[in-house]
Amino acid sequence: KSSSKSAIQVFVPPGKIGLKLKQKRDNFGPIVTSISENTVCPALLIGDMILKIDDIDVSNLTTKKILTILDSKKYNRIRKIEFKPKKMDLSKRLAKRQNKAVEKSIASETI
């Protein structure tokens, strides 16, 4: 069983999640290595391990297969992703993501 007490479940709206994955050296669990600034899943951060997508255990699948599953579900009304965070609690994670969005917004405004 790939889930653990430290796993987080998030519900993701339609759209591309915009992430890159790599397989860990021990071949257990795909790790997030990059996330688009326009992601529809702001709870995911670099270093998180994807465990399940819509209750499908993906911890032993190749990154190519996982990305194929995510892509096939991008128009679903809602998707459930379960992941093991690298660190930080969810409120700190969301605050970190919101701060980046505000910084980007401020940086893009010119007078």
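These lines cover the structure that appears in this document, whether it is placed above or below. (Residues numbered from 1 in each chain as written. Predicted model: local features only at pLDDT ≥ 70, side-chain atom pairs only at ≥ 80, totals over all residues. Heavy atoms only, no water.)

## Focus: the side chain of R79
Point 1. Within the secondary structure, R79 is located in strand β6 (residues 79–84).
Point 2. Although R79 lies buried, it forms no salt bridge, and the closest oppositely charged side chain, D54, sits 6.5 Å away as judged by the N-O distance.
Point 3. There is a polar contact of 2.5 Å between the side chain of R79 and the backbone oxygen of P13.
Point 4. Leaving out residues up to four positions away in the same chain, R79 has contacts with V10, F11, V12, P13, P14, G15, I17, V40, D54, L70, K73 and K74. (Helix = DSSP H or I, 4+ residues; strand = E, 2+ residues; numbered from the N terminus. Buried < 20%, exposed > 50% of the residue type's maximum accessible area, 1.4 Å probe, protein only. Lys, Arg positive; Asp, Glu negative; His and termini not counted. Salt bridge = Lys/Arg side-chain N within 4 Å of Asp/Glu carboxyl O. Polar contact = N/O pair within 3.5 Å; in protein donor to acceptor, adjacent residues only side chain to side chain. Contact = heavy atoms within 4.5 Å.)

## A short note on the nonpolar core
Point 1. Counting residues in each nonpolar core, the largest one holds 19 residues, and the members touching the most others are V10, I17, L19, L44 and I50.
Point 2. Elements with a contribution of two residues or more to this core: β1 (8–12), β2 (19–23), β3 (30–35), β4 (49–53), α1 (63–72) and β6. (Core = buried A, V, L, I, M, F, W, Y, C linked by side-chain atoms within 4.5 Å.)

## Brief notes about the pattern of salt bridges
Point 1. According to the stated counting rule, one finds three salt bridges in the structure shown.
Point 2. Between K73 and D54 there is a salt bridge, with its nearest N and O atoms 3.1 Å apart. With a gap of 19 residues between them, K73 in the loop between α1 and β6 and D54 in the loop between β4 and β5 (56–57) connect regions that are remote in the sequence.
Point 3. Assessed through its relative accessible area of 16%, K73 is described here as buried.

## Re the environment of N38
Point 1. Along the polypeptide, N38 turns up in the loop between β3 and β4.
Point 2. Considered as a pair, N38 and I17 are 21 residues apart in the sequence and their alpha carbons are 8.1 Å apart.

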